[in-house]
Amino acid sequence: MGRQIAVVGGGAAGMMAAIGAAGEGAAVTVYEKNDRVGKKILSTGNGRCNFSNEAMGAKFYHGSVKVLADEILSSFGVAQTKAFFESLGMRIRARDGYLYPASDQASTVLDLLRYELDRRHVTVHTEEAVQTLSFDQDRAQFLIGLRGKEAFYDAVILCCGGKAAPNTGSDGSGFRLAKQFGHRIVRPVPALAALVCKEPFYKQVAGVRCDAELTLSVSGKEAGRERGELQLTDYGLSGIPAFQLCRTAAYALLDKKPVTVRVCFLPDFDKDSCGSFFRERLASHGEDGMDVFLTGIVNKKINRLLLKLAGIRETERAKEISPAAFARLQGLYLGLETAVTGTNGFDRAQVCAGGVECSEVTKHLMSKKQPGLYFAGEILDIDGFCGGYNLQWAWSSGTVAGRAAASDVR
């Protein structure tokens, strides 16, 4: 019989770790605190499961040692991931480089992984939370403490996730287990979550979606810029461009630094071209009231908000607006500044930034502090952009850790 391997956490990374270890001949047991494995997968990609992306590399990830991301993605990358799922019977569809199951159902990905666990004879214990983890020097094995029982293993792979979406089981318990072996935990914060803003006017534009560019500033210095479909909520900024900036904003706020975002509602214009656009419009529509004059530029609710902020009445005729007022209005279209006071919490974040310090693990994701202890997935301080990058990290890191644990690769 091969090595006895325990996988703590039955999410995306945990299932791949189990499959990878079993493929190398190990006897694998998965412990999952939920009533089923892979619960979080079902909510990814709005239920369609954007499981990877054809554009891949460390530049799409944040973390303490990004070179580790390149190392792991080189060992098991997009091509290997596609081949793996196709070998299980899944047809794949690409949309602008974003990869989905052709069924457009996240349940397809989960079901195929569950079937593969069965085929590999992986033992899965659901509703079983690992209470304690230690290393028995006399037996040279890990001792896992469960409710009313214990079990010994040659190696353990921690795939417990971070703290995002705690209702799916990621409650930070893996950090506690890692700390017991002396690992440093980079402060966890929500990532890929909406930004909460100070101004009260967001209720006027809640529900609006628009193409926009967001520029994030921390202590007055630009710290990030993203363009995409912005979703305005009653409390602030959501959608992919806001999500991409969340991690940076969250860490800055944690350090008590002032954070602002400039929202450009006309991202294809600069100051000169915007001025020319409005002058041409004035020449042909100067007799119109401002509510009519602005129709068609952006969403009606945004037009009304910016008029109000510029101090211009909707009923005023365009040609009667002073140059100074027009300049204020143009400035708002090109850069409405808003103060960020927070982010949505872990319960509404897609992923968690922070985690086990990556310099403390080998290129095979084994602990440098405790041989035989491995990590995979979100528990490590590596998190990706929107677009399938976090699931790819789960597939890649899970496979690398699982194969290494089974073969005792250090």
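Residues numbered from 1 in each chain as written. Predicted model: local features only at pLDDT ≥ 70, side-chain atom pairs only at ≥ 80, totals over all residues. Heavy atoms only, no water.

Visitor: Explain the sheet that holds strand β5 (residues 92-95) to me, please; I cannot follow it from the model alone.
Guide: In any sheet, the strands associate via hydrogen bonds between backbone groups, in a parallel or an antiparallel arrangement. Read across the open sheet, the three strands follow the order β3-β6-β5; overall the sheet is antiparallel. Here the strands that pair on one side only, and so sit at the sheet edges, are β3 (52-53) and β5. Bridge count between β3 and strand β6 (residues 98-101): two bridges; the pairing is antiparallel. Within β6, the position partnered with N53 by the bridge is Y98. (Pairing = 2+ DSSP bridges. Helix = DSSP H or I, 4+ residues; strand = E, 2+ residues; numbered from the N terminus.)

Visitor: Sorry, what's going on with the packing of aromatic side chains here?
Guide: Here a ring pair, both rings aromatic, is described through the centre-centre distance and the interplanar angle of the planes. Considering all chains together, one arrives at 17 aromatic pairs under this definition. Ring centres of F135 and F142 lie 4.9 Å apart, and the angle between their planes is 70°; this geometry places the pair in the edge-to-face category. Take F135: its relative accessible area is 22%, and that puts it in the partly exposed class. Given a relative accessible area of 0%, F142 falls into the buried group. Through a chain of ring-to-ring contacts, the aromatic side chains of F269, F277, F278, F293, F326 and Y333 assemble into a single cluster. In this arrangement the basic side chain of R139 is found over the ring face of F152, its NZ or CZ atom lying 3.7 Å from the centre. Lying across the ring of F293, R281 places its NZ or CZ 5.7 Å from the centre. (Phe/Tyr/Trp six-rings, centres within 6.5 Å; stacked < 30°, edge-to-face > 60°. Buried < 20%, exposed > 50% of the residue type's maximum accessible area, 1.4 Å probe, protein only. Lys NZ or Arg CZ within 6 Å of the ring centre and 35° of its normal.)

Visitor: I keep staring at the sheet that holds strand β2 (residues 27-32) and nothing clicks. Help me out?
Guide: Judged by pairing direction, the sheet is parallel, and its five strands sit side by side in the order β7-β2-β1-β11-β20 without closing on themselves. Each edge of the open sheet is held by one strand with a lone partner, namely β7 (123-126) and β20 (373-375). Going from strand to strand, the sheet's axes swing by 20° on average, the running direction of each strand aside. Looking at chain direction, β2 and β7 are connected through four bridges and run parallel. Bridge pairing in β7 places Y31 opposite H125. (Axes fitted to C-alpha atoms, helices over the stretch in contact; angles between N-to-C directions.)

Any link to function would need more than the numbers given here.
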